[in-house]
Amino acid sequence: MKYYILTRALLFELLLQHVSAAIIAATSNIRAIYLFKDVLKSDTVSLKTSGFNSLIIFGVGILGNGDIMYYSNTPGSSDALVASNGSYVGGDALAEKVRSFKTGDGTGINRVEIAMNAQHVRDLMRSPGPGAETPLYRNFAALKEAWNLDAVDNDDEAVYDVSSTVAFAKMLGEVGYKYTIVPYTNTGFWASVKTQINNGLEEPNLLLDRVYLQCYDGGAGNDPGSWQNTLGMKVVPLVWVINDSKPSQGTTAAQARSRFTSWNSRSALAGGGYWNDYDIEKMQLSYTEYGDVLTSVFP
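Residues numbered from 1 in each chain as written. Predicted model: local features only at pLDDT ≥ 70, side-chain atom pairs only at ≥ 80, totals over all residues. Heavy atoms only, no water.

### Here we look at the overall build of the chain
Moving on, step 1. A count of helical and extended segments in the chain gives 11 helices and 12 strands.
Moving on, step 2. In summary, the chain has a C-alpha radius of gyration of 19 Å against a globular reference of 19 Å for 299 residues, a match within 12%.
Moving on, step 3. Along the first, second and third principal axes, the C-alpha atoms of the chain reach 60 × 55 × 45 Å.
Moving on, step 4. When each of the 299 residues of the chain is scored for burial, the buried share is 48%.
Moving on, step 5. Considering only contacts in the chain between residues 6 or more positions apart, those separated by 24 or more positions represent 73%. (Helix = DSSP H or I, 4+ residues; strand = E, 2+ residues; numbered from the N terminus. Rg over C-alpha atoms; globule rule 2.2 N^0.38 Å. Buried < 20%, exposed > 50% of the residue type's maximum accessible area, 1.4 Å probe, protein only. Contact = heavy atoms within 4.5 Å.)

And the structure:
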């Protein structure tokens, strides 16, 4: 009897810890960074220990047959097929690296997402559709398990098809993902998508649960408060770190602090974030300085 009681107590404690962690992840301020660099070559330790809690892996895309690719975007690296025919095929090293973001002593990461554009989504939602037996569904299920993913981020900047976007998001929800968006323009499209995806759902069970707003380059004039009013949910503004690709769009850590503080004072935000890790490492910037901005403005 004592063994039975002890076992039940331990199971209850484990369940409580799991629920508590989920609540913290859902309610804490978001401190995000997009990973443009090949994750096999990025500074994993700094990403895990500099104050960020959300990583979004850029460069994932789907092919016309439903296969999933990871495009490295890094000199010396190769693009990799990561899911095909319902199985993960990206290799152990890549899977172990992505899974490691949320594990180990000192990590602050509680959520890992993949970001992709809308290429082939409309065609695949039309045929063969979003069913559980389709290659696309099975490939996303395999990738989620292999990489221990939490969400898929929609970086559509060209197609803007509402019906296929909604169908794709709901398919991903059936797989077990959350769905996020990262707009820079076209508020009407994103408002329609958000309304339809979350129809009948309430927090904390929203499917589309985060908006990462581009506030640089094409979205340089965006006002987070205005987007929040339009979408009816809080957003996470993104700024671009110092870079040599478009230097005029670069933001120092001090400038980022000023912008985040100003935006947050006018309209309470869900958090803040950066585009991207590749430039931080290429320009020999400090993860700690940029991370400290987020932990102070969005503790």
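Now that the structure is up, let's keep going.
### Brief notes about the sheet that holds strand E8 (residues 151-154)
Moving on, step 1. As summarised here, the arrangement of the 8 strands in space is E1-E2-E7-E8-E9-E10-E11-E12, forming a closed barrel in which the pairing is parallel. Across the sheet, the axes of successive neighbouring strands diverge by a mean angle of 25°, strand direction being ignored.
Moving on, step 2. Sheet topology note: the strand E2 (residues 54-57)/strand E7 (residues 111-116) ladder contains 4 bridges and is parallel. Across the sheet, the residue bridging to Ile56 is Glu113, located in E7.
Moving on, step 3. Its contacts with the sheet put helix H7 (residues 187-197) on E8, strand E9 (178-181) and strand E10 (208-214), and the angle it makes with E10 is roughly 165°.
Moving on, step 4. Across the sheet, helix H9 (residues 253-266) is in contact with strand E11 (236-240) and strand E12 (271-275); its angle to E11 comes to roughly 160°. (Pairing = 2+ DSSP bridges. Axes fitted to C-alpha atoms, helices over the stretch in contact; angles between N-to-C directions.)

### Some words on the side chain of Thr44
Moving on, step 1. Within the element layout of this structure, Thr44 appears in helix H2 (residues 44-49).
Moving on, step 2. Among the residues examined, Thr44 registers a relative accessible area of 13% and is labelled buried.
Moving on, step 3. In this structure Thr44 touches Val39, Lys97, Ser100 and Phe101, once residues within four positions along its chain are discounted.

### Let's talk about the confidence of the model for the chain
Moving on, step 1. The share of residues in the chain with pLDDT of 70 or more is 91%, and the mean pLDDT across the chain is 93.
Moving on, step 2. Confidence over residues 1-7 falls short of pLDDT 50; this stretch has 0 contacts with residues more than four positions distant or in other chains.
Moving on, step 3. Predicted confidence is poor over residues 9-26, with pLDDT under 50, and the contacts of this stretch with residues over four places away or in other chains come to 2 contacts. (pLDDT = per-residue confidence, 0-100.)

### A short note on the nonpolar core
Generally speaking, a soluble globular protein has its nonpolar side chains buried in company with each other.
Moving on, step 1. Phe140, Trp147, Phe168, Phe260 and Tyr274 are the most contacted members of the largest nonpolar core, which has 83 residues in total.
Moving on, step 2. Apart from residues no more than four positions distant in its own chain, Phe140 is found in contact with Ile62, Ile68, Ile114, Met116, Val152, Phe168, Met171, Leu172, Val175 and Tyr177. (Core = buried A, V, L, I, M, F, W, Y, C linked by side-chain atoms within 4.5 Å.)

### Comments concerning the pairing of E10
Moving on, step 1. Burial analysis of E10 places 6 of its 7 residues in the buried class, the great majority of the element.
Moving on, step 2. Across 3 bridges, E9 lies against E10 in parallel orientation. Of the residues in E10, the one forming a bridge with Thr180 is Arg210.
Moving on, step 3. Traced from E9 through H7 to E10, the parallel crossover comes out right-handed.
Moving on, step 4. Summarising the sheet, E10 and E11 pair through 3 bridges and their orientation is parallel. The partner of Leu213 across the bridge, within E11, is Pro237.
Moving on, step 5. Between E10 and its parallel partner E11, the chain crosses via helix H8 (residues 224-231), and the hand of that crossover is right-handed. (Right-handed = clockwise from strand over helix to strand, strands pointing away.)

### Here we look at the pairing of E2
Moving on, step 1. The two faces of E2 match: Ser54 and Ile56 on one face and Leu55 and Ile57 on the other face are all buried.
Moving on, step 2. As paired elements, strand E1 (residues 30-35) and E2 share 4 bridges and run parallel to each other. Bridge pairing links Tyr34 to Ile56 in E2.
Moving on, step 3. At this point the chain moves from E1, through H2, to the parallel E2, and the crossover so formed is right-handed.

### Details of the sheet that holds strand E6 (residues 87-88)
Moving on, step 1. Read from one edge to the other, the open sheet built from 4 strands follows the order E3-E4-E5-E6, with strand pairing classed as antiparallel. Of all strands in the sheet, those with a lone pairing partner are strand E3 (60-62) and E6, marking the two edges.
Moving on, step 2. Pairing analysis gives 2 bridges linking strand E5 (residues 80-84) to E6, with the strands arranged antiparallel. Note on E6: the bridge partner recorded for Ala83 is Tyr88.

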